Amino acid sequence: MSWTALWAVIIWGFSFIATKVALREVHPFTLLTLRFGIGAFLLLLFQLNQDKGFFKVFSQRDWIYILLLAAAGIAGHNLLQAYGLLYTTAINTGWIIAIQPIFITLTARLFLREAITVRKIIGIILGFSGIFLVISKGAFSLSLFRFSSTFGDLLVLMSALTWAAFTVGGRGFLSRFSPLVTIAPIMMVGCLITFPLSALKGEWKILSHISLSGWMGIFFLGIFCSGLAYLFWYSALEKMDSSIVGVYLYLEPFVTLIGAYLFLGEEIHWITLTGGGMTLIGVYLATWKISSPPINPLRVWKN
């Protein structure tokens, strides 16, 4: 058992809860700027301590890739997710985000011509059926689109698609470097992208008025979710096979469910649990490899 991997998953499971708390007081632009500014600072300190010249490994072409990946994987992905959380629950978000490996499988098939088997097709159908149950709550009617929660769910679903684009589109670039080397500059550039948007909103004037709970949410996201959890995760990967460590990611939606119930008072519905279970089984079937235990390719690194 890897305690560092488990702690990383627990921290990430609480990220949607901390985001909901912080969004009560700050705009998504400002929240993401603060979160990834803090996270990038911590990871830069760690990486500079390991290798003071690590920035030199990137060519000018690499920085273009970093800019594009930051726009898709930091700014685009997380803004969609944050705006979605303004309208939907943390529990729904946890289950919907779990569909990301299936989007990655489909994107890899479309753009990289990776093989797709009957088992994968079954997994894809089962996964999307589960997400439909989560979003619809079992109400099969066009009136579903009148609810603001549905709008939020769809934004979160779109964020999963942007993460697939990030993962597949950046596969060649990301495979050339260790994960920790690429995380820090991508997160730093992502922060620089969201900063002007936050400045235009004039949000920085209200920072002194944010409550203790608001700051706790922001610092939890920055220090733990975008900083320490990465170090825990890749520490586990150095000691254990990725196929074993990857299984821990299946626990994340359950951590979110428990945390949202306890700290946000969100309700747990059987239809949501059923849809979430179907999604996880679908992901298992769509990503499982005969030669090794199931790997959840949810992320090259966690958002």
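The structure contained in this document is the topic of the report that follows. Not measured: the values here are computed from a predicted model.

**Here we look at the environment of serine 178**
Along the chain, serine 178 falls in the loop between helix H9 (171–174) and helix H10 (179–201). Considered as a pair, serine 178 and tyrosine 234 are 56 residues apart in the sequence and their alpha carbons are 9.8 Å apart.

**Some thoughts on the side chain of threonine 88**
One can find threonine 88 in the loop between helix H4 (60–85) and helix H5 (90–97). In contact with threonine 88, other than residues within four places in its own chain, are Lys20, Thr93, Ser149, Gly152, Asp153 and Val156.

**So, empty space enclosed by the protein**
According to the stated counting rule, one finds two cavities of 30 Å³ or more in the structure shown. By volume, the second largest cavity amounts to about 50 Å³. Lining the second largest cavity we find Thr19, Leu31, Leu32, Arg35, Asn78, Gln81, Ala82 and Leu221. Counting residues per element, the ones that place at least two in the lining of the second largest cavity are helix H3 (28–50) and H4. Broken down by class, the residue content of the lining of the second largest cavity amounts to four nonpolar, three polar and one charged.

**Section: the packing of aromatic side chains**
Applying the stated rule across the entire model yields 18 aromatic pairs. Taken together, a centroid distance of 5.7 Å and an interplanar angle of 10° make the contact between tyrosine 65 and phenylalanine 173 stacked. Of this pair, tyrosine 65 sits in helix H4 while phenylalanine 173 sits in helix H9, and the two are 108 residues apart along the sequence. These aromatic residues form a ring-pair network of at least three members: Phe54, Phe55, Phe58, Trp63, Tyr65, Phe173 and Phe177.

**Comments concerning the layout of surface pockets**
Estimates place the volume of the second largest pocket at around 290 Å³. Residue lining of the second largest pocket: Phe14, Ile17, Ala18, Val21, Arg24, Ser213, Met216, Gly217, Phe220, Phe263 and Leu264, and that is the complete set. For the lining of the second largest pocket, the secondary-structure elements that each account for two or more residues are helix H2 (15–23), helix H11 (212–239) and helix H13 (252–264). Tallied by class, the residues present in the lining of the second largest pocket amount to eight nonpolar, two polar and one charged.

**Side note on the side chain of asparagine 92**
By the element assignment, asparagine 92 lies in helix H5. Look at asparagine 92 and you get buried, because its relative accessible area is 5%. At a separation of 3.3 Å, a polar atom in the side chain of asparagine 92 contacts the side chain of aspartate 153. Those residues in contact with asparagine 92 that sit more than four places away from it in its chain are Val134, Lys137, Asp153 and Thr272.

**Description of the nonpolar core**
If you look at the biggest cluster of nonpolar residues, it comprises 83 residues, and the most contacted ones within it are Trp12, Ile186, Tyr230 and Trp233. Aside from chain neighbours lying at most four places away, what touches tryptophan 233 is Ala5, Ala8, Val9, Trp12, Val245, Gly246, Tyr248 and Leu249.

**Digging into the packing of H10 against H11**
The axes of two packed helices give the description: the angle between them and the distance between them. Packing of H10 against H11 leaves a shortest axis separation of 11 Å and a crossing angle of 165°. Classified by the interaxial angle, the pair formed by H10 and H11 is roughly antiparallel. Taken as a pair, H10 and H11 cross one another with a handedness that is right-handed. Where H10 approaches H11, its residues Pro179, Leu180, Ile183 and Met187 are matched on the opposing element by Ser226, Tyr230, Leu231 and Tyr234. Classifying every residue of the contact of H10 with H11 gives seven nonpolar, one polar and no charged.

What counts, and at which threshold
Within each chain, residues carry numbers counting from 1 in the order of the written sequence. Reporting in this predicted model follows two pLDDT cut-offs: at least 70 for local features of residues, and 80 or more for side-chain atom pairs to be given and counted; totals over whole chains, interfaces and linings ignore these cut-offs and use all residues. Heavy atoms throughout the structure, all of them, feed into the side-chain values; hydrogens and water do not. Under the DSSP-based scheme used, a helix requires at least four consecutive residues in state H or I and a strand at least two consecutive residues in state E, with every element numbered from the N terminus. Whether two residues touch is decided by their heavy atoms; if any such pair falls within 4.5 Å, the residues are in contact. The way it works is a 1 Å grid over only the protein atoms, where trapped points that fit a 1.4 Å probe form a cavity and open points with protein on both sides within 12 Å along at least five of seven lines form a pocket, and then any residue with an atom within 4 Å of a point lines it. Grid points are joined across faces, edges and corners, and a volume is the space filled by probe spheres set on the points. Only Asp, Glu, Lys and Arg are considered charged in this grouping, and only Ala, Val, Leu, Ile, Met, Phe, Trp, Tyr, Cys and Pro are considered nonpolar; every other residue, Gly among them, is considered polar. Side-chain rings of Phe, Tyr and Trp, where Trp is taken by its six-membered ring, are said to pair if the distance between their centres is within 6.5 Å; with planes under 30 degrees apart they count as stacked, over 60 as edge-to-face, and otherwise as tilted. Note on exposure labels: buried denotes an accessible area under 20% of the residue type's maximum, exposed denotes more than 50%, and partly exposed covers the range between, all computed with a 1.4 Å probe on protein chains only. Under the rule applied, a polar contact is a pair of N or O atoms within 3.5 Å (in protein, one hydrogen donor and one hydrogen acceptor; residues adjacent in sequence only if both atoms are side-chain atoms). Throughout, nonpolar core names a set of buried Ala, Val, Leu, Ile, Met, Phe, Trp, Tyr and Cys residues whose side chains join them through atoms within 4.5 Å. The axes are straight lines fitted to the C-alpha atoms, using for helices just the contacting stretch, and the angles between their N-to-C directions are given from 0 to 180°. Here is the rule for angles: anything less than 35 degrees is roughly parallel, anything more than 145 is roughly antiparallel, 65 through 115 is roughly perpendicular, and the remaining ranges are oblique. For a crossing to be left-handed, the near helix must be turned anticlockwise from the far one by less than a right angle; the clockwise case is right-handed.

Everything listed is a geometric property; what it means functionally is a separate question.
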